[in-house]
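An overview of the molecular structure
Here is how the chains run, residue by residue.
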Amino acid sequence: MDNELFEKAPIPKAYFSLAMPVVLSMLVTLVYNMVDTYFIAHTGNTDMVAGVSLTAPVFTVMIALGDIFGLGGSSVISRLFGQHRFADGKRLSAFCFYAAIATGLLILVLGLTFRDPMLALLGATDDTWQYASDFYTLIIVGSPFIIVSMTPSNLLRTEGHAVQSMIGSVAGTAVNIVLNPLFIHGFGWGAAGSAGATVIANICTDAYFVWFTLRHSSNLSIDPRTVIDRARRRLAVTAREVGSILAIGIPSAITNLTQSVGIVMINLFLLPYGTDAVAAMGIALKVIMIAVLVFVGFAFGAQPLIGYNYGARNMPRLRGILRFSYLFLPLFALVMTVVLSLSDRLLMGFFIEDATIITLGAGMLRVQLLSLVCVAVVMVTTCTFQSAGKAVGAFVLSISRQGVMLAITLFVGSRLAGYQGVIAAQAIADLLTAIVAVILFVVMLPELRSRKAR
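Residues numbered from 1 in each chain as written. Predicted model: local features only at pLDDT ≥ 70, side-chain atom pairs only at ≥ 80, totals over all residues. Heavy atoms only, no water.

Attention now moves to the pattern of salt bridges. All chains considered together, the criterion is met by six salt bridges. Between Glu241 and Arg91 there is a salt bridge; the shortest N-O distance is 2.7 Å. Placement of the pair is Glu241 in helix 11 (residues 239-270) and Arg91 in helix 5 (residues 86-113), with a sequence separation of 150 residues. Given a relative accessible area of 15%, Glu241 falls into the buried group. On the basis of relative accessibility, which here comes to 15%, the residue Arg91 falls in the buried class. The network of salt bridges with common partners includes Arg85, Asp88, Arg91 and Glu241. (Salt bridge = Lys/Arg side-chain N within 4 Å of Asp/Glu carboxyl O. Helix = DSSP H or I, 4+ residues; strand = E, 2+ residues; numbered from the N terminus. Buried < 20%, exposed > 50% of the residue type's maximum accessible area, 1.4 Å probe, protein only.)

Spelled out as structure tokens, the structure:
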């Protein structure tokens, strides 16, 4: 483990050393999302585009569940490493890996059992039902592999293996990009082909992470014997340790789950305005992912650095890290706002040739971009709370931006301004959540205002 990087390296160097590999893996994921949407959209079947858009949140749910033990575990383990409690970190890393497997198997059973009610809840109609069902079914079948992949990808970064974490994610995404056109167009599997490519890619990612952890990690483990107290025949993990993981992991999962819920809510509010509006918003939100995934990469890529120094109680260095984060990411958000706003119709046209959907989507995109700076502030604050183990702050922000705040702004906006109110709801929710984030930061991290050292 590279303690020098966490403890003494210049802050910009340490920040970008850990964050840039995450950003690059996010960008590759972004390329996949674009390619996936591109091949689905270029079938020329608007109902297929809408069907996949309606059920795409299911994949986000898988990522969210993986984050319970990925981000929750990495938060606890990075603080343990800051205290030089490496054996405890290894034990908890193995627990997180097997807990993720168990969660995936549970979702597989429940997802298939309640498939039809879930499709109805997601908003599938007679026109989109078959496409939505095809995508949903295969994603659920692959849920154990998707959920498990999120655990080692996060845990490896606590040991400084950000590049190796990136390699696993990039390799899986590359497989996905290759298989998508083959399955969707070559074999004519449509929506099912897109989901199948995603599942196979995650299997490849899992295989790489297992190999790397076994061969090259000194402080992480996937050995089941690590978490078994053979003398007492029980788990060698305390309820308090599990609670610490869940206290951060569940808010992390809720953050991703509310993304899915948010998309579903927006889709449901847009359905009265036609399938074209749903398809246009689905593509516009894919474009927004350009910025949001990069923000996530920079904000959460620095999570091990924040957690390590918080665990070590090195407040002067932690203040410097946070000062850098709050300056860099909002400025970057401002640049992204300008660039993407100038390219709105070009980006929409990349995915689909329908002039009506391009026009609708370009208008939606411009409105969503208005709040990117607010999103950056929320991301940094959420990551800080998760890294420092501030479960209440992380939970409040996790249910706000695309949850409670969005529900309120959608309900009020749709009644006050109809279609335009629905389109503007997310941007307003972002602004309100950023205000809440600033207030919570001041209230919940008073130790950062102390000028004392360690």
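Read on for the rest.
Take the packing of helix 5 against helix 8 (residues 143-158) next. Two elements in contact, helix 5 and helix 8, have axes separated by 7 Å at closest approach and are oriented at 160°. Judged on the interaxial angle alone, helix 8 and helix 5 are roughly antiparallel. Between helix 5 and helix 8 lies a crossing of right-handed hand. Contacts from Ser93, Cys96, Phe97, Ala100, Ile101, Thr103, Gly104, Leu105, Ile107 and Leu108 in helix 5 reach Ser143, Pro144, Ile147, Val148, Thr151, Pro152 and Leu155 in helix 8. Looking at the contact of helix 5 with helix 8 residue by residue, the class counts come to twelve nonpolar, five polar and no charged. (Axes fitted to C-alpha atoms, helices over the stretch in contact; angles between N-to-C directions. Parallel < 35°, antiparallel > 145°, perpendicular 65-115°, else oblique. Left-handed = near helix turned anticlockwise from the far one by under 90°. Contact = heavy atoms within 4.5 Å. Nonpolar A, V, L, I, M, F, W, Y, C, P; charged D, E, K, R; others polar.)

Turning next to empty space enclosed by the protein. Taken as a whole and judged by the stated rule, the model has three cavities of 30 Å³ or more. Looking at the second largest cavity, its volume works out to about 120 Å³. Taken together, Thr255, Thr258, Gln259, Val375, Val378, Met379, Thr382, Leu397, Ser398, Arg401 and Gln402 make up the lining of the second largest cavity. Elements with a contribution of two residues or more to the lining of the second largest cavity: helix 11, helix 17 (372-388), helix 18 (391-398) and helix 19 (400-444). It is helix 17 that provides the largest number of residues to the lining of the second largest cavity, a total of four residues. (1 Å grid on protein atoms, 1.4 Å probe; cavity = no way out; pocket = protein on both sides within 12 Å on 5 of 7 lines; lining within 4 Å. Points joined across faces, edges and corners; volume = space filled by probe spheres on them.)

On the surface, a nonpolar cluster with roughly 680 Å² of combined accessible area is contributed by Ile428, Leu431, Leu432, Ile435, Val438, Ile439, Val442 and Val443. Counting through the fold element by element, Val438 comes out in helix 19. (Patch = residues over 30% accessible without salt bridge, like charges linked within 9 Å, V, L, I, M, F, W, Y side chains within 5 Å. Areas by Shrake-Rupley, 256 points an atom, 1.4 Å probe, with all protein chains shown as cover.)

Turning our attention to unusual backbone geometry. One non-glycine residue, His84, lies in the positive phi region at around 65°. Residue placement: His84 occurs in the loop between helix 4 (57-82) and helix 5. Its relative accessible area of 43% is what places His84 among the partly exposed residues. A positive phi angle, close to 60°, is found at Arg313, a residue other than glycine. Mapped onto the secondary structure, Arg313 falls in the loop between helix 13 (303-311) and helix 14 (315-342).

This part takes up the confidence of the model for the protein. Across the protein, the average pLDDT comes to 85, with 95% of residues at 70 or higher. Mean pLDDT per element in the protein: strand 2 (residues 234-235) is the minimum at 70, and helix 5 is the maximum at 92. (pLDDT = per-residue confidence, 0-100.)

Once that is clear, we can look at the state of the cysteines. The tally for this structure, following the rule as stated, stands at zero disulfides. You can see Cys374 has no disulfide; the closest cysteine sulfur is in Cys383, sitting 18 Å from it. (Disulfide = S-S within 2.5 Å.)

Turning our eyes to something else, we now look at the layout of surface pockets. If you add up the space inside the largest pocket, you get close to 330 Å³. Val58, Val61, Met118, Tyr136 and Ile140 are, among the 17 residues lining the largest pocket, the residues nearest its centre. Looking at the lining of the largest pocket, the elements that each hand over two or more residues are helix 4, helix 5, helix 6 (115-122), helix 7 (129-141) and helix 11. Counted as a void, the second largest pocket has a volume near 270 Å³. Lining the second largest pocket are 13 residues, with Val76, Arg79, Leu80, Arg85 and Ser244 sitting closest to its centre. Within the residue set of the lining of the second largest pocket, elements represented by two or more residues are helix 4, helix 11 and helix 13.

Our next topic: the packing of helix 12 (residues 275-301) against helix 15 (residues 344-351). In the contact formed by helix 12 and helix 15, the axes pass within 10 Å of each other and the chain directions differ by 115°. In terms of orientation, helix 12 and helix 15 fall into the roughly perpendicular class. In this structure, helix 12 crosses over helix 15, and the sense of that crossing is right-handed. Contacts between helix 12 and helix 15 involve Ala280, Ile283, Ala284 and Val287 from the former and Leu347, Met348 and Phe351 from the latter. Of the residues in the contact of helix 12 with helix 15, the class split is seven nonpolar, no polar and no charged.

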